[in-house]
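# A look at the structure
If you want the building blocks of each chain, they are given just below.
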Amino acid sequence: MREYEIMVIVSPDVDDRQVAGVVEKPLEAFKAAGGTVENIDHWGRRRLAYDIQKKSEGIYAVLNVTAEPAVVKELDRQYTLNEQIMRTKVIRPDLHK
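The residue count restarts for each chain, going from 1 along the sequence in the order it is written. pLDDT decides what is reported in this predicted model: residues at 70 or higher carry local features, side-chain atom pairs at 80 or more are listed and counted, and totals for whole chains, interfaces and linings draw on all residues regardless. Excluded from the side-chain calculations are hydrogens and water; all other atoms, namely the structure's heavy atoms, are used.

- In the annotation of an unreviewed UniProt entry, the entry for the chain reads Small ribosomal subunit protein bS6, and the organism field reads Propioniciclava sinopodophylli.
- UniProt positions are given in the numbering used here, feature names are shortened, and annotations may be inferred rather than shown by experiment. Looking at the chain in UniProt, the text filed under Sequence similarities (unreviewed entry) is "Belongs to the bacterial ribosomal protein bS6 family."
- In UniProt, the chain has this text filed under Function (unreviewed entry): "Binds together with bS18 to 16S ribosomal RNA."

Here it is in structure tokens:
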């Protein structure tokens, strides 16, 4: 089991009340596969450094999770398939110190 930090940028077209559902829905399968979620930090709307999909802002969420690499890879794949999510980034915080 390894610790990961996953940043998710949700499209600004999604209503603020629906963001939690968009971010947390794929976590059900993630937890069933043996992963644990330590923290979900919703940052809210932020301006992007550069346009993504012709949008200049996004809704940020940062997840701290612990799981096997294959389980995290599948979670990232699920986020990538969701059209409401513009971008994801998975890092191992213990490697970036």
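### A word on the pairing of strand S2 (residues 36–52)
- Here, a strand pair is defined by DSSP locating no fewer than two bridges between the strands. The secondary structure listing takes helices from DSSP runs of H or I that are at least 4 residues long and strands from runs of E that are at least 2 residues long, numbered from the N terminus. As defined by bridge partners, S2 adjoins strand S3 (residues 55–67) across 11 bridges and the pair is classed as antiparallel. By the bridge assignment for S3, Asn-39 is matched with Asn-64.
- Remark: two residues form the turn of the hairpin made by S2 and S3, two consecutive strands paired antiparallel; Gln-53 in that turn has positive phi of roughly 55 degrees.

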